[in-house]
Amino acid sequence: MESPKWLGKCPGCSSWNSFAEKIMAKKRNIYKDEDSAVQSITDVDFAEEDRLSTGIDELDRVLGGGIVPGSIVLLGGDPGIGKSTLLLQAAWQISVNAGEVLYISGEESAKQIALRAKRLGALHDNFLLFTETALDAVEATIIKQRPKLVIVDSIQTIYKSELPMAPGTLGQVRECTGQLMRLAKDNNISIILVGHVTKEGNIAGPKLLEHMVDVVLYLEGERNHAFRILRGAKNRYGSTHEIGIFEMAEQGLRVVANPSELLLSERPLEAAGSSVVSVLEGTRPVLLEIQALVSSTVFGNPRRLTTGLDYNRVAMILAILEKRAGLHINNFDAYINVAGGVKIIEPGADLGIAAAVASSLKNKVIQYKTLLIGEVGLTGEVRRVAQIQRRLYEAEKLGFNRAIIPYNNLKEASGEFSLQLAGVKNISEALEHALGGE
């Protein structure tokens, strides 16, 4: 729907405040009767170009091996989570190893950025700063300098003078991103855009913004915890299943080479309500501790609190324990937490959650070096999980000697590991192995 002036209500869909101002390009006939540009797909030169390494292994992993020349990457995350810190470290590495990096900031002065770079030890002559918010000036500087990488922090501060709207509005963000995208493709210059996020955790601006760019990354984590997870939401040049794990330190973000060992290092001995699960983050198995505390309620309705887990999934597991395993949890408060501030979204952790809750309720300790893997269905069955070998290899490497896994995974896992494997078909059988011994 188009209108020559702003309207509060769209006459087409009847939604309010949905009109956004946009510059209408003049229509012109650009077709010329010349040789056709149509070609066979087999004639296209698809030789892979060398990717630009950021010098940070975990960042390269999520990007699919590095930054593709001419690509445009969108990095989002909560305020203060470490987006600028990560990009400063990557910019320094590239400026040392590959060439000039242009860091365009519309939020901080050059002095502020330089002071932070000094604290991080990220100073180099090829690291160029440009504090500007006008898109025309940004574009002219990029064409003049032709750096290896351009970082725009953030896209919400850049504005196009032809548009009367304020910076950060839907029209401004969309137009500025579109022009920078064309600039990146035409000049084979890689650009990283920093995007603000909304209260819901989505990148601010139209959803179209994520469709326009080549790669969308999210930096996640609790601000009160040291760990940060870099997760890919979209990647035209690699997998979106990979994650990068970092630890926030005084000298910036530090790569965590073995997250399982670090996350389990403070696990208490002989504590009821503690279990270890293995979840897949991309191709990497990560061992995490699930903690549960079940106590008598003093209210009419028992409380259910979760940290790092989907609340609805935990509520479903509690109902399964009540109905299928005969555990009376309706008169108890239940608090379930993933130690270390990490979030779990994979259903393969269901069995570990159920065992931790049952352990706390019965005050029975799960054997310290026992791993629990499995998805729990509504009828109480324990369903198979993917890539069981990877998970067990990681557990064996960390010294685990026992694993409770789905019965349907037992055939593909038996004979390859020194771990003692127990295949279970339902939740009651799993709890008997976890809490009652052999």
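Just above, that's the structure.
My aim in this report is to walk through the structure given alongside it, one point at a time. Quick caveat: nothing in here was measured; it's all calculated off a predicted structure.

Reading the values: rules and limits
- In every chain, residue numbers begin from 1 and rise along the written sequence.
- This being a predicted model, a pLDDT of at least 70 is required before a residue's local features are given, and a value of 80 or more before pairs of side-chain atoms are given or counted; all residues contribute to the totals for chains, interfaces and linings.
- Note that the side-chain values use all heavy atoms of the structure and ignore hydrogens as well as water.
- Strands here mean DSSP runs of E at least two residues long; helices mean DSSP runs of H or I at least four residues long; both are numbered from the N terminus.
- With a 1.4 Å probe rolled over the protein chains alone, any residue whose accessible area is under 20% of its type maximum counts as buried; one over 50% counts as exposed, and the rest are partly exposed.
- By the convention used here, residues are in contact when the closest approach between their heavy atoms is within 4.5 Å.
- Surface exposure here means Shrake-Rupley accessible area, sampled with a 1.4 Å probe, where a residue is shielded only by the protein chains that are shown.
- Positive charges are assigned to Lys and Arg, negative charges to Asp and Glu, while His and the chain termini are left out of the count.
- By convention, the charge on Lys lies at NZ, on Arg at CZ, on Asp at CG and on Glu at CD.
- Stacked, edge-to-face and tilted labels apply to pairs of Phe, Tyr and Trp rings (six-membered ring for Trp) whose centres lie within 6.5 Å, assigned for plane angles under 30 degrees, over 60, and everything in between, in that order.
- A ring is considered to have a charge above it if a Lys NZ or an Arg CZ atom is located within 6 Å of its centre and within 35 degrees of its normal.
- Only when DSSP finds a minimum of two bridges between them are two strands counted as paired.
- Here an axis means a line fitted to C-alpha atoms, over the contact stretch when the element is a helix, while the angle between two N-to-C directions is reported on a 0 to 180 degree scale.
- By definition in this entry, angles of less than 35 degrees are roughly parallel, angles greater than 145 are roughly antiparallel, angles of 65 to 115 are roughly perpendicular, and the rest are oblique.
- Handedness of a helix crossing follows the sense of rotation of the near helix relative to the far helix, less than a right angle counterclockwise being left-handed and clockwise being right-handed.
- Under the grouping applied here, Gly and all other residues not named as nonpolar or charged are polar, the nonpolar ones being Ala, Val, Leu, Ile, Met, Phe, Trp, Tyr, Cys and Pro and the charged ones Asp, Glu, Lys and Arg.
- By convention a nonpolar core is built from buried Ala, Val, Leu, Ile, Met, Phe, Trp, Tyr and Cys residues, the set being connected through side-chain atoms within 4.5 Å.
- Each polar contact in these results corresponds to two N or O atoms within 3.5 Å; when the atoms are within protein, one needs to be able to donate a hydrogen and the other to accept it, and residues that are neighboring in sequence are counted only if both atoms are side-chain atoms.
- Of all possible arcs, the one meant is that of the directions from the helix axis to the C-beta atoms.

### Focus: the overall build of the protein chain
Alright, step 1. Within the protein chain one finds 12 helices and 18 strands.
Alright, step 2. Here the C-alpha coordinates of the protein chain stretch approximately 75 × 55 × 50 Å along the principal axes.
Alright, step 3. Across the 438 residues that make up the protein chain, the buried fraction comes to 47%.
Alright, step 4. The contacts in the protein chain between residues at least 6 apart in sequence include a share of 66% that link residues at least 24 apart.
Alright, step 5. Carbon together with sulfur atoms contributes 50% to the accessible area of the protein chain, which is approximately 22200 Å² in total.
Alright, step 6. Computed over 48 positive and 52 negative side-chain charges, the inter-centroid distance for the protein chain is 5 Å.

### Concerning unusual backbone geometry
Alright, step 1. Between Asp153 and the following residue, Ser154, the backbone shows a cis peptide bond with an omega angle of 0°.
Alright, step 2. Along the chain, Ser154 falls in the loop between strand E4 (149-153) and helix H5 (170-187).
Alright, step 3. The backbone of Asn188 sits at a positive phi, close to 55°, despite the residue not being glycine.
Alright, step 4. Mapping Asn188 onto the fold places it in the loop between H5 and strand E5 (190-195).
Alright, step 5. Judged by its relative accessible area of 41%, Asn188 is partly exposed.
Alright, step 6. Positive phi is not limited to glycine here, since Asn363 has a value of about 55°.
Alright, step 7. Within the element layout of this structure, Asn363 appears in the loop between helix H9 (350-362) and strand E14 (370-372).

### What about the packing of aromatic side chains?
Aromatic ring pairs: the centre-centre distance and the angle between the two ring planes describe each pair.
Alright, step 1. With the rule as written, the count across this model stands at two aromatic pairs.
Alright, step 2. When the ring centre of Phe400 is taken as origin, the NZ or CZ atom of Lys369, which lies over that ring, is 5.3 Å away.
Alright, step 3. Seen from the ring of Tyr407, Lys425 lies directly overhead, with NZ or CZ sitting 4.6 Å from the centre.

### Observations concerning the sheet that holds strand E13 (residues 332-338)
Alright, step 1. With mixed pairing, the seven strands of this open sheet are ordered in space as E12-E13-E11-E10-E14-E17-E18. Two strands bound the open sheet, and with one partner strand each, they are strand E12 (304-307) and strand E18 (420-424). Within the sheet, the average angular offset between the axes of one strand and its neighbour, ignoring direction, is 25°.
Alright, step 2. The sheet contact formed by strand E10 (residues 274-281) and E14 spans two bridges and is parallel.

### Some points on the packing of H9 against helix H12 (residues 427-436)
Alright, step 1. Interaxial distance between H9 and H12 falls to 10 Å at its minimum, and their mutual angle equals 60°. Between H9 and H12, the angle is such that the two are oblique. Crossing hand, H9 versus H12: right-handed. Residues Leu351, Ala354, Ala355, Ala358, Ser359 and Lys362 of H9 form the contact with H12, whose participating residues are Ile427, Ala430, Leu431, Ala434 and Leu435.
Alright, step 2. Considered class by class, the residues forming the contact of H9 with H12 number nine nonpolar, one polar and one charged.

### With respect to the pairing of strand E9 (residues 252-255)
Alright, step 1. Summarising the sheet, strand E8 (residues 243-249) and E9 pair through four bridges and their orientation is antiparallel. For Phe246, the partnering residue across the bridge sits in E9 and is Val255.
Alright, step 2. The turn joining E8 and E9, which pair antiparallel and follow one another in sequence, is formed by two residues.

### Side note on the nonpolar core
Alright, step 1. One finds Leu288, Leu321, Ile336, Ile344 and Leu351 to be the most contacted residues of the largest nonpolar core, which totals 46 residues.
Alright, step 2. Ranked by residue count, the leading element in this core is H9, at seven residues.
Alright, step 3. Residues contacting Ile336, with those up to four places away along its chain left out, are Ile290, Gln291, Ala292, Leu305, Thr306, Thr307, Leu309, Val314, Ile353 and Val357.

### A short note on the side chain of Thr54
Alright, step 1. With respect to the helices, strands and loops of the structure, Thr54 is situated in the segment before helix H1 (57-63).
Alright, step 2. Within polar-contact distance, the side chain of Thr54 engages the side chain of Asp60 at 2.8 Å.

### Here we look at the environment of Thr240
Alright, step 1. Looking at the element boundaries, Thr240 is found in the loop between strand E7 (227-235) and E8.
Alright, step 2. Classification of Thr240 by relative accessible area gives partly exposed; the value is 30%.
Alright, step 3. When the C-alpha positions of Thr240 and Val216 are compared, they lie 9.2 Å apart, and in sequence the two are 24 residues distant.
Alright, step 4. Those residues within four positions of Thr240 in sequence are excluded, and the remaining contacts are Gly232, Ala233, Lys234 and Asn235.

### Quick notes on helix H4 (residues 135-145)
Alright, step 1. All of the buried residues along H4 are Leu135, Val138, Thr141 and Ile142. For H4, the angular spread of buried residues about the axis comes to 130°, placing them on one side.
Alright, step 2. Phi for Arg146, located one or two positions after H4, is positive at around 45°.

### What about the sheet that holds strand E3 (residues 127-131)?
Paired through backbone hydrogen bonds, the strands of a sheet run either parallel or antiparallel to each other.
Alright, step 1. With mixed pairing, the nine strands of this open sheet are ordered in space as E3-E2-E4-E5-E1-E6-E7-E8-E9. Each having just a single partner strand, E3 and E9 make up the two edges of the open sheet. Ignoring strand direction, the axes of neighbouring strands in this sheet form an average angle of 25°.
Alright, step 2. Bridge analysis of E4 against E5 gives five bridges, and the strand direction is parallel. By the bridge assignment for E5, Val150 is matched with Ile191.
Alright, step 3. Of the strands in this sheet, strand E2 (101-105), E3 and E9 touch helix H3 (residues 110-120), which is tilted by about 150° from E3.

### Concerning the side chain of Ser105
Alright, step 1. One can find Ser105 in strand E2.
Alright, step 2. Within the structure, the side chain of Ser105 is placed 3.4 Å from the backbone nitrogen of Glu107, a separation counted as a polar contact.
Alright, step 3. Excluding its chain neighbours within four sequence positions, the residues that come into contact with Ser105 are Ile113, Phe130, Thr131, Glu132 and Asp153.

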